[in-house]
Amino acid sequence: MSSRSIQLQQLWIDAFNDSQANLQTFSSCMTLADLSADENYKLILADSGSGSTHVKLKVYSGTSLACEVPLLDAPSALVSIYTDNNEPRIPGIAVACGANVLVYRNCRPYFKFSLPLVDGSSLEADVWRQKSQTTQLIRLLQDLSKELGYSNLSAPSQMLLALEPAAREEFAFKHRHCSIKKQTVITCMTTIEKNVADDKAVSCLVLATESKQLFVLDPEAFTIADTFPLTFVAYLLSASGLYTVDYSVLLVSLTGAVCVMRAGIVTTLTQLPACPVSVLQVARTFVTANMDNTLQCYSLKGVKQWSVILPGSPVTLASVPLVHQALHLVAVAVTIDTGGCVLLYSGPQLMHSFITPQHVSALVFGRYGREEHALVSVSDGGALSVKLLKRTAQFGSGERQPTSQDKPHNIKLLVPKKSKLFVEQTLREREQFKEIHQRFHRDWLGLSVAASEAYVNALRNATVCQREALKLTAQVLGLGPKLKVQLFLENLATDYVPAGLAVTFTYDHNIYTIHSPHIPVPMLVPGLTCCLETLVTCHSAIVGQLTVLVFARRVLLSAIISMPPAAVLT
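Quantities reported herein were computed from a predicted structural model and do not represent experimental measurements.

Asks: So what exactly am I meant to see when it comes to the overall build of the chain here?
Replies: Each helix and strand counted, the chain has 6 helices and 38 strands in total. Scored against the burial criterion, the 570 residues of the chain give a buried share of 44%. Of the contacts made within the chain by residues no fewer than 6 positions apart, 48% connect residues no fewer than 24 positions apart. With an accessible surface of roughly 31400 Å², the chain has 55% of that area assigned to carbon and sulfur atoms.

In structure tokens form, the structure reads like this:
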């Protein structure tokens, strides 16, 4: 790695280091979440321990371990998910363990979801149905395991083959008439927003299993909302969009094929030259870190955008969004001869990098504690490290930064040249300052008079009395040609319940068609919000408006909805 490719400026603050944490986890089993709804974000991770024992769910708050909960099995993925819209907004922690999804709230078990059993092979069922001797059953199952694979047999067959010869006779007699089904295992898991694109919106769980299936779980009842069959086993997963509107799921197979699932149809985007260790969606592209020491970017149509060679073997990826700098970086953890290294890329351009004393095995970026930008990493030796990005940090393009040897009077400031128009305007303001101030004062008085007149007219023409105080907000969902309009009506009065209300619309019939132009309003109880919905079909690409009218014997409230541009079927 050349000296030009690594900026030597210090952009990070070492906030916390625990070399004795003894953590064994991966990036898919780490997340940052506000578990107490107090804007104090915590680190949640699933510690695999020794692989079979000491498997725990651990929560770190600040510089200490807040709590730990034993897990039933080795975890494969961990995500934070909001399951309802109740206040306070407390998320749940979903952990994928074997065939189960364990949901925790407030560090306590909240719900357990188990995947349905998968039917076994018909040949295996025929072997068990035969009235044969135990020795013959053992021989047939051994032949079948060589043909289908030991892992593809059902649980009774695997247990029978694993038993001692003396115990096989009794076990075969007890399970002679059992159903031939096998339990699947969750390989990867992610979340997707249900109907609102927000950080704290209700989300659905997306699971991929070893039985070549993709499940979407409803978060409110934890039931299977959709099931999609696959032709491969997915081990990397990424989702985008809204589940109730339009969404897509990016899947990576064990052979390195990248596929996307849209509207229940799985299509292959590209075949990577080497299997990826991690995949990440950035805007309308996805980035993969591959085993051939390359970092590659593709569009969502499978077109290769760029590729760079990494200085070592990649381990994991992490998304690093910096909204205040209008940057979305990709952090890549690689292993080098002297230890570990974390590289931050903006597209194919290396923006920053730093060396770590040990190889990094897990990486996550986000809010931690009260800080906006924290990079949390776990090394292969089990050490935990938290780095905070300085508020004055700037990611340049590799230019030389000012050093302490540069004196302040020697640093040239990039001041733009004064144009002729700027000079003339300055001279005019200096010579005619009195006239400019009087004109500004006159315009300000005119604006105040116009605002006062509009306020008086609104008071005179108001049709809603104090007892009939209503509040109406609207929201438009969808891309078109069908849109969903949601109206939220609230009674602001404390001692009055209006009745006999209804909602109607006025609009251009050449542009839109409203499926329910007249919606009766139920009884508006003070303090509760009533949600009304209707579908709108767009016939033209012209952007129009909808006028919402709330009336009883007269019009009580009106609102204008500026419709968004919508796709129209041709």
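Next comes the rest of the description.
Asks: Can you walk me through a nonpolar patch on the surface in this structure?
Replies: On the surface, Phe440, Trp444, Leu445 and Leu447 cluster together into a nonpolar patch covering about 470 Å² of accessible area. Mapped onto the fold, Trp444 is located in helix α6 (residues 433-461).

Asks: Can you walk me through the pattern of salt bridges in this structure?
Replies: If the charged atoms of two oppositely charged side chains come close together, the side chains can form a pair. This model, assessed by the stated rule, comprises 10 salt bridges. Its salt-bridge partner being Glu39, residue Lys200 comes within 3.4 Å of it at the nearest N-O pair. Highlighted residues: Lys200 in the loop between β12 (186-193) and β13 (203-209) and Glu39 in the loop between β2 (30-33) and β3 (42-47), separated in sequence by 161 residues. The exposure class of Glu39 is partly exposed, given its relative accessible area of 32%. A salt bridge links Arg391 to Glu371; its shortest N-O distance comes to 3.4 Å. Residue Arg391 is found in the loop between β30 (384-389) and α5 (420-431), and its partner Glu371 is found in strand β29 (residues 371-379); the two are separated by 20 residues along the sequence. Look at Arg391 and you get exposed, because its relative accessible area is 70%. Relative accessible area serves as the criterion here: at 25%, Glu371 is assigned to the partly exposed category. One continuous salt-bridge network, built from bridges that share partners, spans Asp34, Glu39, Lys200, Arg367 and Glu372.

Asks: Explanation requested: the environment of Arg168 in the structure shown.
Replies: Within the secondary structure layout, Arg168 lies in helix α4 (residues 165-174). Residue classification places Arg168 among the buried residues on the basis of a relative accessible area of 16%. Linking Arg168 and Thr134, residues 34 residues apart in sequence, is a C-alpha distance of 7.4 Å. Every residue in contact with Arg168, bar those within four places of it in the chain, is listed here: Thr134, Ile138, Leu160, Leu161 and Leu163.

Asks: What is the right way to read helix α3 (residues 155-162) from this model?
Replies: Three- or four-residue spacings in an α-helix give side chains the same orientation, since the helix completes a turn every 3.6 residues. Taken together, the buried positions of α3 are Pro156, Ser157, Leu160 and Leu161. Mapping the buried residues of α3 onto a view down its axis gives an arc of 130°, with all of them on the same face.

Asks: Is there a simple way to explain the sheet that holds strand β34 (residues 512-514) in this structure?
Replies: Note on sheets: strands pair through backbone hydrogen bonds, and any given pair is parallel or antiparallel. Strand order in the open sheet formed by 4 strands is β31-β32-β36-β34, and the pairing between neighbours is antiparallel. One side of each edge strand has no neighbouring strand; the edge strands of this open sheet are β31 (470-477) and β34. Shown here is a sheet whose adjacent strand axes are inclined to one another by a mean of 30°, direction ignored. Two elements, β34 and strand β36 (residues 529-538), share 3 bridges in a ladder whose sense is antiparallel. Within β36, the residue paired with Tyr512 across the bridge is Cys538.

Asks: I keep staring at unusual backbone geometry and nothing clicks. Help me out?
Replies: With an omega of -5°, the peptide bond running from Glu87 to Pro88 counts as cis. Mapping Pro88 onto the fold places it in the loop between β6 (75-81) and β7 (92-97). The backbone of Ala37 shows a phi angle near 55°, a positive value even though the residue is not glycine. Examined against the element boundaries, Ala37 turns out to sit in the loop between β2 and β3. For Phe222, which is not a glycine, the phi torsion comes out positive at approximately 55°. Structurally, Phe222 can be placed in the loop between β14 (213-218) and β15 (223-229). Among the residues examined, Phe222 registers a relative accessible area of 6% and is labelled buried.

Asks: Where do I start with the pairing of strand β28 (residues 360-368) in this structure?
Replies: Side-chain positions along a regular strand alternate between the two faces of the sheet. With 8 of 9 residues buried, β28 is to be regarded as a mostly interior element. Examined bridge by bridge, β28 and β29 share 7 bridges and lie antiparallel to one another. For Phe365, the partnering residue across the bridge sits in β29 and is Leu375. Here β28 hands over to β29 after 2 residues, with Gly369 in that stretch at a positive phi of 65°.

Asks: What should I look at first to understand the environment of Phe505 in this one?
Replies: In this fold, Phe505 is placed in strand β33 (residues 502-506). In this structure Phe505 comes out as buried when scored by relative accessible area, which is 7%. Distance in space between the C-alpha atoms of Phe505 and Leu546 is 6.6 Å, their sequence separation being 41 residues. Dropping the residues within four chain positions of it, Phe505 is found in contact with Leu487, Ile514, Ser516, Pro517, Ile519, Thr534, Thr547 and Val548.

Asks: Could you clarify how one ought to interpret the nonpolar core in this entry?
Replies: One recurring pattern in soluble globular proteins: nonpolar side chains tend to sit buried together. Counting residues in each nonpolar core, the largest one holds 27 residues, and the members touching the most others are Leu487, Val503, Phe505, Tyr512, Leu546 and Met563. In contact with Leu546, not counting residues within four places along its chain, are Val485, Thr506, Tyr507, Tyr512, Ile514, Val536, Ala559, Ile560, Ile561 and Met563.

Asks: Sorry if this is basic, but what is going on with the side chain of Ser377 here?
Replies: Along the chain, Ser377 turns up in strand β29. For Ser377, a relative accessible area of 13% gives the class buried. Here Ser377 is in contact with Val360, Ala362, Leu363, Ala383, Leu384 and Ser385, once residues within four sequence places are set aside.

Asks: Any chance you could explain the environment of Glu87 here in plain terms?
Replies: Position of Glu87 among the secondary structure elements: in the loop between β6 and β7. Note: C-alpha distance between Glu87 and Ala37 (50 residues apart in sequence) is 9.0 Å.

Asks: Would you explain the packing of aromatic side chains in this entry?
Replies: To describe a pair of aromatic rings, one takes the distance between the centres and the angle between the planes. Per the stated rule, a full pass over the model turns up 4 aromatic pairs. Measuring from ring centre to ring centre gives 5.3 Å for Tyr243 and Tyr247, while their planes differ by 45°; the resulting arrangement is tilted. Taking the relative accessible area as the measure of exposure, Tyr243 reaches 17% and is therefore buried. Residue classification places Tyr247 among the buried residues on the basis of a relative accessible area of 12%. The lysine or arginine in question, Arg105, covers the ring of Tyr110, its NZ or CZ lying 5.3 Å from the ring centre.

Asks: Where do I start with the confidence of the model for the chain in this structure?
Replies: Note that predicted coordinates carrying low pLDDT should not be read in detail. Across the chain, the average pLDDT comes to 84, with 89% of residues at 70 or higher. Per-element averaging of pLDDT across the chain places helix α1 (residues 122-129) at the bottom with 70 and β2 at the top with 94. Confidence drops under pLDDT 50 across residues 398-409; counting only partners more than four residues distant or on other chains, this segment forms 5 contacts.

Asks: What should I look at first to understand the sheet that holds strand β8 (residues 100-105) in this one?
Replies: Strand order in the open sheet formed by 4 strands is β6-β7-β8-β9, with antiparallel pairing between adjacent strands. The two strands at the open ends of the sheet, each matched to only one other strand, are β6 and β9 (108-114). Averaged over neighbouring strand pairs, the angle between their axes works out to 20° when direction is ignored.

Each value, and the rule that gives it
- Residues numbered from 1 in each chain as written.
- Predicted model: local features only at pLDDT ≥ 70, side-chain atom pairs only at ≥ 80, totals over all residues.
- Heavy atoms only, no water.
- Helix = DSSP H or I, 4+ residues; strand = E, 2+ residues; numbered from the N terminus.
- Buried < 20%, exposed > 50% of the residue type's maximum accessible area, 1.4 Å probe, protein only.
- Contact = heavy atoms within 4.5 Å.
- Areas by Shrake-Rupley, 256 points an atom, 1.4 Å probe, with all protein chains shown as cover.
- Patch = residues over 30% accessible without salt bridge, like charges linked within 9 Å, V, L, I, M, F, W, Y side chains within 5 Å.
- Salt bridge = Lys/Arg side-chain N within 4 Å of Asp/Glu carboxyl O.
- Arc of directions from axis to C-beta.
- Pairing = 2+ DSSP bridges.
- Axes fitted to C-alpha atoms, helices over the stretch in contact; angles between N-to-C directions.
- Core = buried A, V, L, I, M, F, W, Y, C linked by side-chain atoms within 4.5 Å.
- Phe/Tyr/Trp six-rings, centres within 6.5 Å; stacked < 30°, edge-to-face > 60°.
- Lys NZ or Arg CZ within 6 Å of the ring centre and 35° of its normal.
- pLDDT = per-residue confidence, 0-100.

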